[in-house]
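# Residue-level structural notes
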Amino acid sequence: MSIGPLNRIGSFPIEPYDAGQLVAATRALNRAELLGHGRTLRLRRGAPGKGPRVQVVDRESGEVMDELPPEAVLRMMNELEKSREDDR
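Remember, predicted model here, so these are calculated numbers, not experimental data. (Residues numbered from 1 in each chain as written. Predicted model: local features only at pLDDT ≥ 70, side-chain atom pairs only at ≥ 80, totals over all residues. Heavy atoms only, no water.)

### Here's the deal with the pattern of salt bridges
For clarity, the threshold we go by: The salt bridge definition used is simple: a Lys or Arg side-chain nitrogen within 4 Å of an Asp or Glu carboxyl oxygen. A run of H or I in DSSP counts as a helix once it spans at least four residues, and a run of E counts as a strand once it spans at least two, with each numbered from the N terminus. Throughout, exposure labels follow a simple rule: accessible area from a 1.4 Å probe, protein chains only, divided by the maximum for the residue type, with under 20% read as buried, over 50% as exposed, and the rest as partly exposed.
All told, the structure shown has two salt bridges when counted by the stated rule. Between Glu33 and Arg59 there is a salt bridge; the shortest N-O distance is 3.7 Å. Here Arg59 lies in the loop between strand S2 (53-58) and strand S3 (64-68) and Glu33 lies in the loop between helix H1 (19-31) and strand S1 (39-44), a separation of 26 residues in the sequence. Residue class for Glu33 comes out partly exposed when judged on its relative accessible area of 35%. Residues Glu67 and Arg53 are paired through a salt bridge, measuring 3.0 Å at the closest nitrogen-oxygen approach. Taken together, the residues Glu67 in strand S3 and Arg53 in strand S2 connect sequence positions 14 residues apart. The partly exposed category is assigned to Glu67, whose relative accessible area is 38%. On the basis of relative accessibility, which here comes to 29%, the residue Arg53 falls in the partly exposed class.

Here is the structure:
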């Protein structure tokens, strides 16, 4: 299974999502260790008037390494699911 780099993610259209979809995608991507063994995705509430954010966190230090918009996480999940279907 091969997942493209995060900078390619913007090319996939994504429909509006709900919080449940985002939580499920974050959990599934963490289980798949898509970002590597030492990193995890953590869902955070955004600033007032802004949507949620997903942080890429180092598991050992707790350091926030990056922050992704929810749409990027859902696109990653779509790509992971597509890859799994192709492997069947």
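So, next bit.
### Some remarks on a positive patch on the surface
Put simply, the rule is: Distance thresholds for patches are 9 Å for like charges and 5 Å for nonpolar side chains (Val, Leu, Ile, Met, Phe, Trp, Tyr), applied to residues having over 30% relative accessible area and no salt bridge. Note on areas: Shrake-Rupley, 1.4 Å probe, and residue coverage restricted to the protein chains presented here. Charge counting treats Lys and Arg as positive and Asp and Glu as negative, with His and both chain ends excluded. Taken as the charge centre is NZ of Lys, CZ of Arg, CG of Asp or CD of Glu, depending on the residue.
On the surface, a cluster of positive charge is contributed by Arg27, Arg31, Arg84 and Arg88. On the basis of relative accessibility, which here comes to 40%, the residue Arg84 falls in the partly exposed class.

### So, H1
To keep things clear, this is the line we draw: Between the first and last residue of a helix there are one fewer steps than residues, each counted as 1.5 Å, and that sum is the expected span. Any two residues whose heavy atoms approach within 4.5 Å are treated as being in contact.
An ideal rise of 1.5 Å per residue puts 18 Å on 13 residues; H1 measures up with 18 Å between its terminal C-alpha atoms. Residues Leu22, Ala25, Thr26, Ala28, Leu29 and Asn30 constitute the buried set of H1. Of the surrounding secondary structure, the elements contacted by the buried residues of H1 are S1, S2 and helix H2 (70-87). Glu33 sits one or two positions beyond H1 and adopts a positive phi of about 50 degrees.

### A look at the sheet that holds S2
Counted only if it meets this: A pair of strands is considered paired only if DSSP assigns at least 2 bridges between the two. Inter-axis angles, ranging from 0 to 180 degrees, are taken between N-to-C directions of lines fitted to C-alpha atoms, where helices are fitted over the stretch in contact.
With respect to topology, three strands assemble into an open sheet ordered S1-S2-S3, the strand pairing being antiparallel. In this open sheet, the two edge strands, each paired with only one partner strand, are S1 and S3. The average undirected angle you get between the axes of adjacent strands in this sheet is 25 degrees. Contacts from H1 reach S1 and S2 within the one sheet, and its direction differs from that of S1 by about 170 degrees.

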